[in-house]
Amino acid sequence: MAIVLGLNAKLLRGTAGSTAATEVKNVKDLTLNLESGEADVTTRATGGWRASAATLKEASLEFGILYDTEDADFQAFQEAYFGNTPLSLFITDGSGGGLDADWSITGFTVEQPLEEAVSVSVTAKPTASTRAPAWV
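Rules behind the numbers
- The residue numbers shown here count from 1 along each chain, following its written sequence.
- Local features in this predicted model are restricted to residues of pLDDT 70 or higher, and side-chain atom pairs are both shown and tallied only at a pLDDT of 80 or more, whereas totals for entire chains, interfaces and linings draw on every residue.
- Here the side-chain values reflect all heavy atoms present in the structure, with hydrogen atoms and water set aside.
- Helix numbers and strand numbers start at the N terminus; a helix is a DSSP run of H or I with at least 4 residues, a strand a run of E with at least 2.
- Here the globule rule is a power law, 2.2 Å times the number of residues to the power 0.38, and the radius of gyration is based on C-alpha atoms.
- Partly exposed residues are those whose accessible area sits between 20% and 50% of the maximum for their type, while under 20% is buried and over 50% is exposed, using a 1.4 Å probe and protein chains only.
- In this analysis, two residues are considered to be in contact whenever any of their non-hydrogen atoms come within 4.5 Å of each other.
- Accessibility throughout is a Shrake-Rupley quantity obtained with a 1.4 Å probe, and a residue counts as covered only by protein chains that appear here.
- We define the nonpolar core as a collection of buried residues of types Ala, Val, Leu, Ile, Met, Phe, Trp, Tyr and Cys that are connected through side-chain atoms lying within 4.5 Å of one another.
- Identification of polar contacts relies on pairs of N or O atoms within 3.5 Å, with a donor-acceptor requirement for protein atoms, meaning one able to donate a hydrogen and the other able to accept it, and with residues adjacent in sequence counted only if both atoms are side-chain atoms.

Student: Break down the overall build of the protein for me, with residues and values.
Tutor: Helices and strands together make up the secondary structure of the protein, namely one helix and eight strands. Starting at the N terminus, the α and β elements of the protein follow one another as β-β-β-β-α-β-β-β-β. A compact globule built from 136 residues should have a C-alpha radius of gyration of about 14 Å, whereas the protein, at 18 Å, is more than 25% larger. By principal-axis analysis of the C-alpha atoms, the protein measures approximately 60 × 35 × 30 Å. For the protein, with 136 residues in total, the buried portion stands at 29%. Contacts spanning at least 24 positions in sequence make up 58% of the contacts within the protein whose residues lie at least 6 apart. Total accessible area computed for the protein in this model is approximately 8900 Å², and 52% of it derives from carbon and sulfur atoms.

And the structure:
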């Protein structure tokens, strides 16, 4: 069994339409949410059990970055949010495989805790693109 540590994982960003190549160093905890919709396929043949089939897949990405107006990563996410500009993001466990897609920044929440550094909670979702999300 191979243990994978979160500190070895990577978030890469780039220009929409191409695979991201710039590592985002100013990232804190990251969560990649993957879910599928469901269709009810229950019949009498399922022996009294409700049965489901997966339908459309959904993805969302949530992570924190430090509020640093001189940091290129902070600037890229801020500009993507306010400009409604998609970004290419690649989320990997550090061994090379992961989710590659073009994303819209749908949340840019500034957090100002009294005893911590100011940070931003970023939310991203896949956007309409010629590049469908792919696990590579």
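Student: Got a sec to walk through the nonpolar core? Specific residues and values, please.
Tutor: Counting 20 residues, the largest nonpolar core has L11, L61, F77, L89, W103 and V122 as its most contacted members. Going through the elements one at a time, strand 4 (52–66), helix 1 (72–83), strand 5 (87–92), strand 6 (98–111) and strand 7 (119–126) are the ones with two or more residues in this core. Here this core gets five residues from one element, more than from any other, and that element is strand 6. In this structure, V122 is in contact with L61, E62, F63, I65, F77, I105, G107 and F108, ignoring residues within four places of it in sequence.

Student: So what's going on with unusual backbone geometry? Which residues, and what values?
Tutor: A positive phi is found at N84, a non-glycine position, where the angle reads about 50°. Following the sequence through the fold, N84 ends up in the loop between helix 1 and strand 5. Judged by relative accessible area, which is 69%, N84 ranks as exposed.

Student: I'd like to hear about the side chain of D100, residue by residue, with values.
Tutor: Relative to the helices and strands, D100 resides in strand 6. Owing to a relative accessible area of 8%, D100 belongs among the buried residues under this scheme. One polar contact links D100 to T19, side chain to side chain, over a distance of 3.1 Å. With residues up to four places along the chain from it excluded, the contact list for D100 reads T19, A20, S88, L89, F90, R131, A132, P133, A134 and V136.

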